[in-house]
Amino acid sequence: MAWERLPGRGCGALHRCLLGAALLLGLRLCTELRRAGAQPPARSGLPGPDPRPPEPLLPPAPAQRRGASRRQVTYVRSGRRAPPGGGGSGTQEPGCCPPRGRPRRKGPRWHIDLQPWAGPARSLDEEALRFLRYISTIQIACDHVSTDSLATDSSPSKKPWSVCLDDRFGLGHQIRNKQCRLYSLGLGSDDTHFEVSMANDGCEVHRFDPTVKSAHILESERFWYHRLSVDWRDSHPAVAAQKPYSNTRKLRTILNEFGHHKIDVLKADLESAEWKVLENLILEDVFEQIGQLIFEIHLHWPGFEVSGSDSSVVRFWYSLLKELELQDFRLFHSYKDLSKPQLFLKKDIFNASSCYTLSWVNTRWK
C-alpha cells in the first residue's frame, strides 16, 4: 500500500523547525555579544554602560596591565591613609612632601647670592663705606658680654673674643650645666687664654691647629688639641697621606667624624682664609648648628682664592655677612684692632683697620 504524503505539509514543518533553531541561536549569540560589549574598560572608574559601540573582535587588555593599574590605585590610597608617624605597611612614602612638623631639607647651593651694588657707580668708595658701616653697627644688644669667665660678665670687656651670656640665648645655662661645646679654629697662635677660660668654666673645647705635633692631645680635662686645619674643602687622601701635618677638613666633615650635632661657640682666626670658609659654611648650611660665631676678618687684601676688582671683592664680603643675617645671626660686638696696619685692600683709606673681630649670636638657638 503506497504511503500518500499531503502536499507541502512535511516540508513546511521542517523549514519552520530550522528557522526557529536559527532564530534561537541568533538571539543567544546577540545576547552574548551585548554582555561582552557592555562591560566598561578596566581603566575607567565611571559606572554605567559604555556609550561606545561594542568591539567584540578586540582582545581584552593583558592581565599585567590591569594589575599595574590596580597597584597604582592601592599605592595612592595607602599613602593618604598612612598615619603621620609612618606606621602601617612597609611601603615607602613618596618623597615629594615631608611629614608635617619636619622642615623640608634644603637643596645644595653652589654659590651665594650677591647683594645689589651699593650705588650706581659701582665704585670702591660706595662699597667700602657700606661694608664698614655694616660691620661697625651693632644689630642686637647683649647685656652680659664676657671674654674671660662668668665672674666678669658684669663688666663688658673690649677684648676681641666676646660671647653673649644673656639667658635668652642659653649659653650661660649651657656653661653652668657643663654642656657647652666650643670649636676654636687657628693657625699656630700661642694665645689660648680664651679657650682655657671657657674650658675652666665648663665648656668642652676643641682647638684645631695643623701645627701641633700629635693628631689628638688632651691638654686638660675639657681641652682638646687636634692636628687639623679647617678649610673650605677636604684634602685629597693621597695628599693627606704624604703631608700628615697639613691635614685639612671642611667643618661639616669634622662634625660628622666627631659625631657632634651642634657647636655653642665657633671661634675662628684663619689669617685671610675666613672668607672662603664662611662661604663654605653658608653653602653647606652649617650655621644652623652654631649658637654663637666669633670671626677675625682681615681687610688688607682680598683673601685666599678671592679675586676681582676692589669694588667686587668688597661686595662679595658684604654679601657673605648679609647671608649670616638672613640665617638669623645678629652682630652684638665689633672690635677694631688699632694695633694692626690701617689698610683697606692695600690702601690707607676710610680710617679703616686691616683687622676686625666680629661676634654674632644665633637668635633662633635653643
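Just so we're clear, the structure is a prediction, and the values are computed from it rather than from any experiment.

Digging into the overall build of the protein
For step 1, the next point in the chain: Within the protein, the regular secondary structure consists of 9 helices and 12 strands.
For step 2, the next point in the chain: Counting contacts in the protein only where the partners sit at least 6 residues apart, residues at least 24 apart contribute 64% of the total.
For step 3, the next point in the chain: Carbon and sulfur atoms form 55% of the exposed surface of the protein, whose accessible area is close to 22600 Å².

A short note on the packing of helix α3 (residues 124-135) against helix α9 (residues 310-326)
Helix packing geometry: the angle between the two helix axes and the distance between the axes.
For step 1, the next point in the chain: The interhelical angle for the contact between α3 and α9, taken along N-to-C directions, is 30°, at an axis separation of 9 Å. As the angle between them shows, α3 and α9 are arranged roughly parallel. Helix-helix and strand crossings are classified by hand; for α3 and α9 the assignment is left-handed. Taking contact as the criterion, the partners of L124, E127, A128, R130, F131, Y134 and I135 in α3 are, on α9, D310, S311, V314, R315, W317, Y318, L321, K322 and E325.
For step 2, the next point in the chain: Tallied by class, residues from the contact of α3 with α9 come to 9 nonpolar, 1 polar and 6 charged.

Observations concerning the pairing of strand β10 (residues 290-298)
For step 1, the next point in the chain: Most of β10 sits out of view: 9 of its 9 residues are buried.
For step 2, the next point in the chain: One ladder, built from 5 bridges, connects strand β9 (residues 263-268) with β10; its direction is parallel. Bridging from a neighbouring strand, L266 pairs with L293 of β10.
For step 3, the next point in the chain: Read from β9 through helix α8 (residues 274-283) to β10, the crossover connection turns out right-handed.
For step 4, the next point in the chain: Across 7 bridges, the pairing between β10 and strand β12 (residues 355-362) is antiparallel. Of the residues in β12, the one forming a bridge with Q292 is V361.

Reading the values: the criteria
Sequence order as written defines the numbering, with residues in each chain counted from 1. Predicted model: local features are reported for residues with pLDDT of at least 70 only, side-chain atom pairs are reported and counted for 80 or more only, and whole-chain, interface and lining totals are derived from all residues. Values reported for side chains reflect all heavy atoms of the structure, with hydrogen atoms and water molecules removed beforehand. Only runs of H or I of at least four residues qualify as helices and only runs of E of at least two qualify as strands under DSSP, and these elements are numbered from the N terminus. For this analysis, residues touch if any pair of their heavy atoms sits within 4.5 Å. Working definition of accessibility: Shrake-Rupley area with a 1.4 Å probe, residue cover restricted to the visible protein chains. Interaxial angle, 0 to 180 degrees, is taken between N-to-C directions of lines fitted to C-alpha atoms, where a helix line uses only the stretch in contact. Working rule for angles: under 35 degrees goes down as roughly parallel, over 145 as roughly antiparallel, 65 to 115 as roughly perpendicular, anything else as oblique. Working rule for handedness: look at the near helix, and if it is turned counterclockwise from the far one by less than a right angle, call the crossing left-handed; if clockwise, right-handed. The classification used treats Ala, Val, Leu, Ile, Met, Phe, Trp, Tyr, Cys and Pro as nonpolar, Asp, Glu, Lys and Arg as charged, and all other residues, Gly among them, as polar. The cut-offs for exposure are 20% and 50% of the maximum accessible area for each residue type, with area from a 1.4 Å probe on protein chains only; residues under the lower value are buried, those over the upper are exposed, and the others partly exposed. When DSSP finds at least two bridges between two strands, those strands are taken to pair. Handedness rule for crossovers: strands pointing away from the viewer, path from the first strand over the helix to the second running clockwise, crossover right-handed.

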